[in-house]
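The residues making up each chain are set out below.
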Amino acid sequence: MSETAASLTTDFLAWLAAEPRAYTDVMEAWRTSCPRLTVWEDAIDAGFIIRTHAPGQPTRVELTADGRSFLRRHSK
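(A) Just the sheet that holds strand 3 (residues 60-63), in detail. The three strands lie next to each other as 1-3-2, forming an open sheet whose pairing is antiparallel. Each edge of the sheet is formed by a strand with only one pairing partner; in this case those strands are strand 1 (21-22) and strand 2 (49-52). Across two bridges, strand 1 lies against strand 3 in antiparallel orientation. Paired with R21 across the bridge in strand 3 is V61.

(B) Molecular detail of the nonpolar core. One finds F12, L13, L16, V26, W40 and I49 to be the most contacted residues of the largest nonpolar core, which totals 16 residues. Going through the elements one at a time, helix 1 (3-18), helix 2 (23-30), helix 3 (39-46), strand 3 and helix 4 (65-74) are the ones with two or more residues in this core. Here W40 is in contact with F12, Y23, V26, M27, I49, R51 and V61, once residues within four sequence places are set aside.

(C) Representation of helix 3. When we look at burial in helix 3, the residues that qualify are V39, W40 and A43. Along the axis of helix 3, the buried residues cluster in a sector spanning 100°; they form a single face.

(D) Quick peek at the side chain of T10. When you line up the elements, T10 lands in helix 1. Its relative accessible area of 6% is what places T10 among the buried residues. Sequence-distant contacts of T10, that is, excluding residues within four places in its chain, are made with F70, L71, H74 and S75.

About the thresholds
- Sequence order as written defines the numbering, with residues in each chain counted from 1.
- For this predicted model, a pLDDT threshold of at least 70 governs which residues receive local features, and a threshold of 80 or more governs which side-chain atom pairs are given and counted, while totals over whole chains, interfaces and linings are taken from all residues.
- Computation of side-chain values covers all heavy atoms of the structure but excludes hydrogens and water.
- Only when DSSP finds a minimum of two bridges between them are two strands counted as paired.
- Only DSSP runs of H or I covering at least 4 residues are called helices, and only runs of E covering at least 2 are called strands; the numbering of each starts at the N terminus.
- Throughout, nonpolar core names a set of buried Ala, Val, Leu, Ile, Met, Phe, Trp, Tyr and Cys residues whose side chains join them through atoms within 4.5 Å.
- When a residue's accessible area, from a 1.4 Å probe over protein chains only, is under 20% of the maximum for its type it is buried; when over 50% it is exposed; and in between it is partly exposed.
- Residue contacts are counted whenever heavy atoms from the two residues lie within 4.5 Å of one another.
- Note: the arc covers the axis-to-C-beta directions of the helix.

Spelled out as structure tokens, the structure:
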């Protein structure tokens, strides 16, 4: 992972870790059509985040143990 990608991924994971986030909020804030800014896709592929759903609740995006570990290692 490039330094730029690692920095963006760290920002993304820190944003997720700050409070529970609905999937729609995550997509609104982080989705991009730029092929060079694939933070969402990279985080999914690396196993750093998962989508969860409870009946009657909106789909959420949460950090996995690997995501929390990455965040700890790369936080400023």
